[in-house]
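Take a look at the letters that make up each chain.
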Amino acid sequence: MFRTRFAPSPTGYMHIGNLRTALYAYLLAKKHKGVFILRIEDTDQSRNVPAALAAIYNGLALAGITYDEGPDKDGGKGPYVQSQRLPIYKKYAEELIAKGAAYYCFCQKEDKPEAEDQPAHPDVTRDPCRFLTEAEARARLSGGVIPVVRQRIPEGGSTSFDDHVYGRITIDNSQLDDQVLLKSDGFPTYNFANVVDDHLMEITHVIRGQEYLSSTPKYNLLYQAFGWQIPEYIHLPLILREDGAKLSKRAGDPSFEDLVNMGYLPEAIVNYVALLGWSPGNDREFFTMQDLIEAFDMDRIGKSSAAFSMDKLTWLNGEHIRAMDPAAFHQAARKYYPKDSGLDEEKISRLIQIRVEKLTDIPGMIRFLSELPEYGPELFENQKSKATLASSAEVLRAVIPLLQKLEKWDNESLFAALKDFAAANGYKTGTVMWPIRTSLSGLPASPGGATELADLLGKEETLRRLVIGLQKLES
RNA sequence: GCCCCCAUGGUCUAGAGGUUAGGACACAGCCCUUUCAAGGCUAUAACUCGGGUUCGAGUCCCGAUGGGGGCACCA
């Protein structure tokens, strides 16, 4: 039975790297008919953001990632929030101390130079408290100093593990420091909590970012000290910005929620993110969540970091939009329509679906429908359509009365009538259509051609705009 | 500073010793066409470098260079 987990800390939003980690963990579990678990890593009290839990729930729901066990979905292995598991960590920390694999450290924070203040970190040095005898430790304990618990890294040797992505990794124990397991506030560090929880929650496959690659040996030493089985590891390469810099909220890079607000479909974002670091092994790029579950294979995750390309996301978003059921697209699109246009919104949706790349493009794309833009007569010139100022004026003069008389006002009738007119008068179809389309949109390009716009705008508005166009040509 | 990891067009990637190095995005051109888009076609563009191993290396080994990550009472 595969059991994977997504273990975010509550920061208030879901960044792209997190989304991919969650997605892969979900895909791996679902691919193997296993269980996907949500666990909240809120062990840093100073960093908790109040509404962050909701953000995690919303983000996952939006992405279509559903968990089988989590804070609000008990699976018998909870609680699934680390701040509610403090007694558990305490118990296991004491067990480790009893086994000699950890020790109390009485050094105060101020005793040690701030790591961040140093230009370069020195080699690992052993903590003095490591060498305290049991009696000395007990004496200090009763002296009222609140200690932390540190892991006791073995003196020599090295520790290895196998990662599904990176292969065998070996690190000398001399490179590993006696990291803090239990903080003086009684909370565990990530380094301790992840081991205890992954074991207790029976996680079989640990999926996380590659920033944990070099500390994984420390976790394995912990598993070994407890006599626990070490899980399978899948470390993921980083996602970078297109310029090679790190993706960061601070630098203005959008989070998952930001992208959705920017008009990207969650399913397109999920599809795109799945492909950053993973490849199905063929040329396929369009995937629904169900497709991804079927195709996903952890052994096809790449090792090198990938750059997030907005251009490609935009293209893929367009693919997803075009693939939508017209009714579903209309539902999504109508939120971007003006309230009182009086136009047939479903018709608009049919016209724009194929042309929309992002939902947020819609307002700008259809603004001309409710408000004819200012434009100059030069717009009536178009080489490709063989339209000139003179031909356009001629066409409009002839076509206005023609359309006035037209009984049936729909795309097909309009197109037939105008095409006939062009043929009868020796015009290229485009030469007739161009000035009409231009008058109706006031734009060099529009979603829909002359007759589609005429159909949409209705007879009255169409004629009004054609007259305006003709006036521009005559003045 | 020490340790770990990575390296195919601008970007995402396929490639598991013998390929005209394949696809996608972006870009340019052409076709289609009632403008644009979509679609179709075409073009430009890549194995970081140096040594090995091998009949043969993008693929294996070593080194260099470049990039990234880690070395917190953060995760």
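Just so it is clear, the structure is predicted and the values come from calculations on it, not from any experiment.

Engineer: Tell me what's going on with the pattern of salt bridges, and back it up with residues and numbers.
Structural biologist: Counting across every chain of the model gives 24 salt bridges. Ionic pairing is found between K90 and E94, a salt bridge with its closest N-O pair at 3.2 Å. Of this pair, K90 and E94 are both found in helix α3 (residues 86–99), four residues apart, which corresponds to roughly one turn of the helix. Note that E461 and R464 form a salt bridge whose closest N and O atoms lie 3.0 Å from each other. Here E461 pairs with R464, and both are found in helix α18 (residues 459–474), just three residues apart, close to one helical turn. Judged by its relative accessible area of 42%, R464 is partly exposed.

Engineer: A description of the packing of aromatic side chains should follow, citing residues and the corresponding values.
Structural biologist: All chains considered together, the criterion is met by 16 aromatic pairs. Through successive ring pairs, a cluster of aromatic residues spans Y24, W278, F287 and F296. Its end group placed over the ring of Y67, K73 keeps NZ or CZ at 5.7 Å from the ring centre. Over the ring of Y375 we find K472, and its NZ or CZ is 4.6 Å from the ring centre.

Engineer: Now, about the nonpolar core: what can you tell me, with residues and values included?
Structural biologist: Core analysis: the largest hydrophobic core is formed by 83 residues, its most contacted members being I65 and F192. Residue contributions to this core peak at 10 residues, all from helix α1 (residues 16–31). Among residues more than four places away in sequence, those in contact with F192 are Y89, Y92, A93, L96, L181, L182, L222 and F226. Among the nonpolar cores identified, the runner-up in size contains 48 residues, and L359, A393, L457 and L470 belong to it.

Engineer: Quick rundown of the environment of Q45? Include the residues and the values.
Structural biologist: Structurally, Q45 can be placed in the loop between β2 (35–38) and α2 (52–63). Between the C-alpha atoms of Q45 and I436, which are 391 residues apart in sequence, the distance is 65 Å. Each residue touching Q45, except ones within four places of it in the same chain, is listed here: D185 and F187.

Engineer: I'd like a description of the sheet that holds strand β7 (residues 180–182), backed by residues and values.
Structural biologist: As summarised here, the arrangement of the three strands in space is β3-β4-β7, forming an open sheet in which the pairing is antiparallel. Both edges of this open sheet fall to β3 (102–105) and β7, since each of them pairs with a single strand only. Here the average twist between neighbouring strands, direction ignored, is 45 degrees. For strand β4 (residues 148–151) and β7, the ladder comprises two bridges, and the chain directions are antiparallel. Each residue of the ladder has a partner; that of R150, found in β7, is V180.

Engineer: Before we move on, could you go through the protein's contact with RNA strand B and cite the residues and values that matter?
Structural biologist: Near RNA strand B, the surroundings consist of 69 residues, among which E285, R355, F415, A450 and T451 are the closest. Near-protein atoms of RNA strand B (within 4 Å) split between backbone and bases, with sugar and phosphate holding 63%. Q175 has a polar side-chain atom sitting 2.9 Å from a sugar or linking oxygen of RNA strand B. One nitrogen or oxygen atom from the main chain of G449 is found 2.9 Å from a base oxygen belonging to RNA strand B. Elements represented by at least two residues in the surface near RNA strand B include exactly β4, β6 (167–172), α5 (190–200), β11 (306–308), α10 (310–323), α15 (411–424), α16 (429–441) and α17 (450–457). Looking at the surface near RNA strand B, the element that brings in the most residues is α10, giving five residues. Its residues assigned to classes, the surface near RNA strand B shows 23 nonpolar, 23 polar and 23 charged.

Engineer: Kindly report on the side chain of R150, identifying the contributing residues and their values.
Structural biologist: Take R150: it is sitting in strand β4. At 2.9 Å, the side chain of R150 forms a polar contact with the backbone oxygen of D178.

Engineer: Describe α3, naming the residues involved and giving the relevant values.
Structural biologist: With 14 residues, α3 extends 20 Å between its outermost C-alpha atoms, agreeing within 8% with the 20 Å of an ideal straight helix rising 1.5 Å per residue. Considered for burial, the residues of α3 that qualify are Y89, Y92, A93 and L96. In an axial view of α3, the angular spread of the buried residues amounts to 105 degrees, which keeps them on one side of the axis. Residues of α3 that are exposed and point more than 90 degrees away from the buried face comprise P87 and A98. Residues of α3 that are buried make contact with β3, β4, β7, α5 and α6 (216–226).

Cut-off values and rules
- Residues numbered from 1 in each chain as written.
- Chains lettered and ligands numbered in written order.
- Predicted model: local features only at pLDDT ≥ 70, side-chain atom pairs only at ≥ 80, totals over all residues.
- Heavy atoms only, no water.
- Salt bridge = Lys/Arg side-chain N within 4 Å of Asp/Glu carboxyl O.
- Helix = DSSP H or I, 4+ residues; strand = E, 2+ residues; numbered from the N terminus.
- Buried < 20%, exposed > 50% of the residue type's maximum accessible area, 1.4 Å probe, protein only.
- Phe/Tyr/Trp six-rings, centres within 6.5 Å; stacked < 30°, edge-to-face > 60°.
- Lys NZ or Arg CZ within 6 Å of the ring centre and 35° of its normal.
- Core = buried A, V, L, I, M, F, W, Y, C linked by side-chain atoms within 4.5 Å.
- Contact = heavy atoms within 4.5 Å.
- Pairing = 2+ DSSP bridges.
- Axes fitted to C-alpha atoms, helices over the stretch in contact; angles between N-to-C directions.
- Near = heavy atom within 4 Å.
- Polar contact = N/O pair within 3.5 Å; in protein donor to acceptor, adjacent residues only side chain to side chain.
- Nonpolar A, V, L, I, M, F, W, Y, C, P; charged D, E, K, R; others polar.
- Expected span 1.5 Å × (residues − 1).
- Arc of directions from axis to C-beta.

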